[in-house]
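Per-entry structural report
Residue-level listing of the chains:
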Amino acid sequence: MLRILENSVLPLIIFSLFVTKAEALNYNTAYMVTADHSSTLSLDSHGEHSYASGQTPWVYLKLKLSDLNLNSPLHVLWSWSNYTDSSLNETKLQHFNLAGLPTDKEIWSVAPQPWWLTTGKPGKWTVDVAWLNSRGAMGTSTATFNVTPEPLSSALLFFGGLPLAAVLLRKKKAA
């Protein structure tokens, strides 16, 4: 009987602890998410925040209402940058009116457009977030994410680009 409980209950308990931990997002922490107004993390099969080329990254931040001064605006600075090429960076400043806010403040921000469309290349990226609310909350957080080449683009390069390169190489050798 103990063996049956061990085989069926223990994995269920471990799974439920993992799922609960994965879904509980901390306050004052920036997370990479799948879309606007989503708290679903953009995790790949390795558990890392990841987006495909051409996909737009979103960052999410949740602040406690009790930490905020509702009579003062909230200022949030988002700084997007490539981890290996510091020249690829862009900042965005947002201001929020908190008067009459009924619940904790949740904020989503997309990578700045059109900058991201021309700059968002494969590699490791960071989003540094800083917030200030006079006589209220202030803090910083950093989220990292990867941009991976689209599988279709890689397949097109392999099946189209390599044969084309072979033909050009053969023509060059024949000449």
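One structure accompanies this document, and this report is about it.

About the thresholds
Residues numbered from 1 in each chain as written. Predicted model: local features only at pLDDT ≥ 70, side-chain atom pairs only at ≥ 80, totals over all residues. Heavy atoms only, no water. Helix = DSSP H or I, 4+ residues; strand = E, 2+ residues; numbered from the N terminus. Contact = heavy atoms within 4.5 Å. Polar contact = N/O pair within 3.5 Å; in protein donor to acceptor, adjacent residues only side chain to side chain. Buried < 20%, exposed > 50% of the residue type's maximum accessible area, 1.4 Å probe, protein only. Pairing = 2+ DSSP bridges. Core = buried A, V, L, I, M, F, W, Y, C linked by side-chain atoms within 4.5 Å. Axes fitted to C-alpha atoms, helices over the stretch in contact; angles between N-to-C directions.

Looking at the element boundaries, Trp-116 is found in helix H2 (residues 115-119). Sequence separation between Trp-116 and Trp-80 is 36 residues, and the spatial gap between their C-alpha atoms is 9.3 Å. Non-local contacts of Trp-116, meaning those with residues more than four positions away in its chain, are made with Gln-55, Thr-56, Pro-57, Ala-111, Trp-125, Phe-145 and Val-147. At a separation of 3.4 Å, a polar atom in the side chain of Trp-116 contacts the main-chain carbonyl oxygen of Gln-55.

Turning our eyes to something else, we now look at the pairing of strand S3 (residues 58-63). Of all 6 residues making up S3, 5 are buried, and the element is well covered by its neighbours. As paired elements, strand S1 (residues 31-33) and S3 share 3 bridges and run antiparallel to each other. Directly across from Tyr-31, in S3, lies its bridge partner Tyr-60. Bridge count for S3 against strand S6 (residues 105-110) is 6 bridges, and the pairing is antiparallel. Counterpart to Leu-63 in the pairing with S6 is Lys-105.

Core analysis: the biggest nonpolar cluster contains 27 residues, and Leu-74, Trp-78, Trp-80 and Phe-145 have the highest contact counts within it. Beyond its immediate sequence surroundings of up to four residues, Leu-74 is in contact with Leu-63, Leu-68, Gln-94, His-95, Phe-96, Leu-98, Lys-105, Ile-107, Trp-131, Leu-132 and Asn-133. Among the nonpolar cores identified, the runner-up in size contains 7 residues, and Leu-41, Trp-58, Trp-108 and Val-110 belong to it.

So, on to the sheet that holds strand S5 (residues 89-96). Spatially, the 5 strands line up as an open sheet ordered S2-S8-S7-S4-S5, and their pairing is mixed. Looking at which strands have only one partner, the edges of the open sheet turn out to be strand S2 (50-52) and S5. Strand-to-strand twist of the sheet, defined as the mean angle between neighbouring strand axes without regard to direction, takes the value 25 degrees. Taken together, the 8 bridges between strand S4 (residues 74-82) and S5 define a ladder with antiparallel strand orientation. Across the sheet, Ser-81 pairs through a bridge with Asn-89, a residue of S5.

Nothing here speaks to function; it is geometry throughout.
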